[in-house]
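Listed here are the chains, written in short residue letters.
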Amino acid sequence: MLSVHTELKFLTGVGAARAQKLIEHLRLRTVADLLGYYPFRYIDRSKFHLISELNDPSTYIQIKGYFIAFRNEGAGKAKRIVGTFKDESGTVDVIWFGNQSWVTESYKLKKEYIVFGKPNQFKNTISFPHPEIEDPLVVKSRLEQGLQGIYRIPDSLKDKAINTRYIRNLVFQVLGVEINDYLPESVIKELGLLPLQQAIRTIHFPSDDLLFRRAQFRLKFDELFLIQLYLVQNKGLRKVEWKGHVFSVVGEYFNHFYNHLLPFPLTEAQKRVIREMRKDMGTGKHMNRLLQGDVGSGKTLVALLLMLLANDNGFQACLMAPTEILATQHYQTITQMLSGMPLKIALLTGSTRKKVRTEIHEDLQSGALHILIGTHALLEDVVVFKNLALVVIDEQHRFGVAQRARLWAKSVIPPHVVVMTATPIPRTLALTLYGDLDISVLDELPPGRKPVVTTHMYDHQRLRLFKFLRDEIAKGRQVYIVYPLIKESEKLDIKHLEDGIESITRAFPPPQYASSVLHGQMKPDDKNRNMELFVKGQTHIMVATTVIEVGVNVPNASVMVIENAERFGLSQLHQLRGRVGRGAEQSYCVLMTTVKLTSDGRKRIQTMCETQDGFRIAEVDMQLRGPGDMDGTQQSGMPFDLKIANLAEDGIILQKARDMADALVKDDPLLEKPEHSALAETLRNYKNRESNWSLIS
Ligand code: ADP
Ligand code: MG
């Protein structure tokens, strides 16, 4: 008897070797895995293309006609059989590489066939390599169904027999197995969901449009719902199980700073988020919060005030930044703002000298040190605090979830965690990436900021650009020029930067002009020196790579030039532009590109010129790139790979999933009620899944 647990090697057409390949390349071991391997696209098999109209080689299509000749071509590796296939509009080559004598035995001349596949374009000729070929009489019934699923087959799989048709036949064999619906009756009813068995059958073999859409809805919902349930449950459990440090008082440190040293009044948004966080931390709940605030919204000051609160209550606090430059800058800003106050603050990075490092370690353990600022170096096991109660992580997208967890281990009671990010994340993505965190938003910029005037210029307009830069420098302003060093290891890119430095030195010759240079492969000392010169206003131009993308704050710098801007992603462009517009002066951002732009590239540049709203930019970014590729998700990895739902499109389904998950967890936090037992079981499997998981168990 077939069941969802049956291994695929027991199916017809799957020998030991193929079974192994299915496991290795597609991660399909059991019938449940197979049923969970949904088609990634569909073609309408009731429609045929004309050969004379084949023009887009990238999609699956089908044509109908007959072979008029077969011929052998090439020798050795290039040996192939080529069939000339004809319909009423013209002819096209169908190609089989290798020794394929079966081809001429199987297919007859002058007999009608359907050729189905992805056409390939070589120079000006289109051909069909290794298509699927079917007899129209045999597929007649299926043709009437219209849509047919196409399965993703990785390139790494070198078995021509494992193709979309092969998978489809396997799925067809197991369609009858019984699949338990694990969703509670109440959820199914409330949303009018299709039963799981029917949804899965339909997703593989769509019969009619309406049913197909309902199947998609059901499976997308399930996927998002399990993720939300997992996140919501964790969030709830953490709050119950983990006591947080209690920050019960607002004391001398906070008050003194607030009343006497605060350089400017807080914005309403800053006040609000601090209130939100105090409420958590004051009650003994453990706080795990995402602070989203657009570039320049004043997150550093919020972090500082929170750390003072920790100090007021007798605890230590730390602030962790993704780069040494940024950590150093935070250290300087904060020591300056707190100067005169009886607080001990230290900076710990990879290049901190051994002697200083040892002192810091001692001070941390004795409790003499109040605030530690640094980079990943804070995560090392030798860094032990006396009583760490607050961790602020700046620009979190550079840190993985696992790294966050290591910080928690540094204290018996886990410290409160605030993750600050300037990469605005669309709500749907935030719910998925950070669904277990509470979210605060700094949605207001400090007063007096003028929008950054953003323009697009082509490479050949460089002379005009240089003149503009000279004028600005003459007014006492400073300028960033950024190169797209995307992979810092690439020699080619370094060359790019060096060429840039050369041409800039020619256009802005010393001693009249002075430049700083900054890139990831410089020694920390050199980096710091170059940065410092620019901060102090002793250099006019900062030629840099994206190392300055994150957080750098030099208010007098008012022009940002981005070279090869088409090579940057939107959120990166937004980050870079955020480096200017921080002072009172009118600021400018110039996006330099080549004349040839892809349509995506053009859209990015256009979006930047049109808006400065980080959330709007993030939405466009997600539409263009798909959620999996957004900045911030690559480095830390999407914690969940979505098989069918799409965060850019399925916001409404996601919201329903979230609401349902919230309601369910509120009603039954541990999913202990009998009507939730199947769901609890599926969720357990889901958490323990490898990378392919299934709704079916
Ligand atoms: P980000 O949120 O990008 O990290 P920063 O913390 O670097 O922003 O702050 C950007 C600039 O705004 C800094 O120069 C900071 O001193 C200034 N700033 C912060 N809060 C205020 C405020 N309430 N009023 C005026 N300026 C502020
Ligand atoms: Mg910042």
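Located above this text is the structure these notes cover.
One structure accompanies this document, and this report is about it. Quick caveat, the model's predicted, so the values are computed rather than measured. (Residues numbered from 1 in each chain as written. Chains lettered and ligands numbered in written order. Predicted model: local features only at pLDDT ≥ 70, side-chain atom pairs only at ≥ 80, totals over all residues. Heavy atoms only, no water.)

1. A word on the side chain of Arg357
- With respect to the secondary-structure elements, Arg357 resides in helix α13 (residues 354-366).
- By relative accessible area, which is 16% here, Arg357 ends up buried.
- With near-sequence residues (within four places) excluded, Arg357 lies in contact with Leu348, Thr349, Gly350, Ser351, Thr352 and Glu380. (Helix = DSSP H or I, 4+ residues; strand = E, 2+ residues; numbered from the N terminus. Buried < 20%, exposed > 50% of the residue type's maximum accessible area, 1.4 Å probe, protein only. Contact = heavy atoms within 4.5 Å.)

2. Remarks on the nonpolar core
- In terms of nonpolar packing, the biggest core is built from 67 residues, with Phe221 and Phe225 touching the most fellow members.
- Contact partners of Phe221, with chain neighbours within four places excluded, come to Leu183, Val187, Leu191, Leu193, Ile653, Lys656, Ala657 and Met660.
- If you look at the next biggest cluster of nonpolar residues, it comprises 39 residues, including Phe254, Phe315, Leu343 and Ile345. (Core = buried A, V, L, I, M, F, W, Y, C linked by side-chain atoms within 4.5 Å.)

3. Some remarks on the packing of aromatic side chains
- Under the defined criterion, the tally for this structure stands at 19 aromatic pairs.
- Considering the side-chain rings of Phe67 and Trp96, the 6.2 Å spacing of their centres and the 45° angle between planes classify their relative orientation as tilted. Remark: Trp96 occurs in strand β4 (residues 90-97) and Phe67 occurs in strand β2 (residues 61-73); sequence separation between them is 29 residues. Each of the two residues, Phe67 as well as Trp96, counts as buried.
- Ring centres 6.5 Å apart and planes at 80° place the aromatic pair Trp96 and Trp102 in the edge-to-face group.
- Among the aromatic residues, those joined into a ring-pair cluster are Phe67, Phe70, Phe85, Trp96, Trp102, Tyr107 and Tyr113.
- The aromatic ring of Tyr113 is capped on one face by Lys111, whose charged end is 5.2 Å from the ring centroid.
- Cation over ring: Arg152 sits above Phe40, and NZ or CZ is 4.2 Å from the ring centre. (Phe/Tyr/Trp six-rings, centres within 6.5 Å; stacked < 30°, edge-to-face > 60°. Lys NZ or Arg CZ within 6 Å of the ring centre and 35° of its normal.)

4. Observations concerning the sheet that holds strand β6 (residues 120-122)
- Across the sheet, which stays open at both edges, the 7 strands sit in the order β6-β7-β4-β3-β2-β5-β8 with mixed pairing between neighbours. Of all the strands in the sheet, just β6 and β8 (132-134) have a single pairing partner and so form its edges. Going from strand to strand, the sheet's axes swing by 45° on average, the running direction of each strand aside.
- Sheet topology places β6 next to strand β7 (residues 125-129); 3 bridges connect them, and they run antiparallel. Paired with Gln121 across the bridge in β7 is Ile126.
- Across the sheet, helix α5 (residues 164-174) touches β5 (112-117) and β8, and the angle it forms with β8 is around 60°. (Pairing = 2+ DSSP bridges. Axes fitted to C-alpha atoms, helices over the stretch in contact; angles between N-to-C directions.)

5. Considering the side chain of Asp650
- Tracing the chain through its elements places Asp650 in the loop between α22 (633-636) and α23 (651-667).
- Excluding anything up to four places from it in sequence, Asp650 contacts Lys220, Leu224, Ile644 and Ala645.

6. A few points about the site of ligand 1
- What surrounds ligand 1 is a group of 17 residues, the closest being Gln270, Gly296, Lys299, Thr300 and Arg449.
- Separating an oxygen atom of ligand 1 from a side-chain N or O atom of Thr300 is a distance of 2.6 Å.
- Within the side chain of Arg449, one N or O atom sits 2.7 Å away from an oxygen atom of ligand 1.
- Coverage of ligand 1 by the protein chains reaches 86% of its 570 Å² of free accessible surface. (Near = heavy atom within 4 Å. Polar contact = N/O pair within 3.5 Å; in protein donor to acceptor, adjacent residues only side chain to side chain. Areas by Shrake-Rupley, 256 points an atom, 1.4 Å probe, with all protein chains shown as cover.)

7. Description of the sheet that holds strand β15 (residues 416-421)
- Within the open sheet, the 7 strands sit side by side as β12-β13-β11-β14-β15-β10-β16. Their pairing is parallel. Sheet topology places β12 (345-348) and β16 (438-442) at the edges, where each strand pairs with a single neighbour. For this sheet, the mean angle separating the axes of adjacent strands, direction not counted, is 20°.
- Looking at chain direction, strand β14 (residues 388-394) and β15 are connected through 5 bridges and run parallel. Paired with Ile393 across the strands is Val419, a residue of β15.
- Contacts from helix α10 (residues 268-282) reach β10 (288-293), β14, β15 and β16 within the one sheet, and its direction differs from that of β16 by about 160°.
- Packing against the sheet, helix α11 (residues 299-312) makes contact with β10, β11 (316-320), β13 (371-374), β14, β15 and β16, and its axis sits at approximately 160° to β11.

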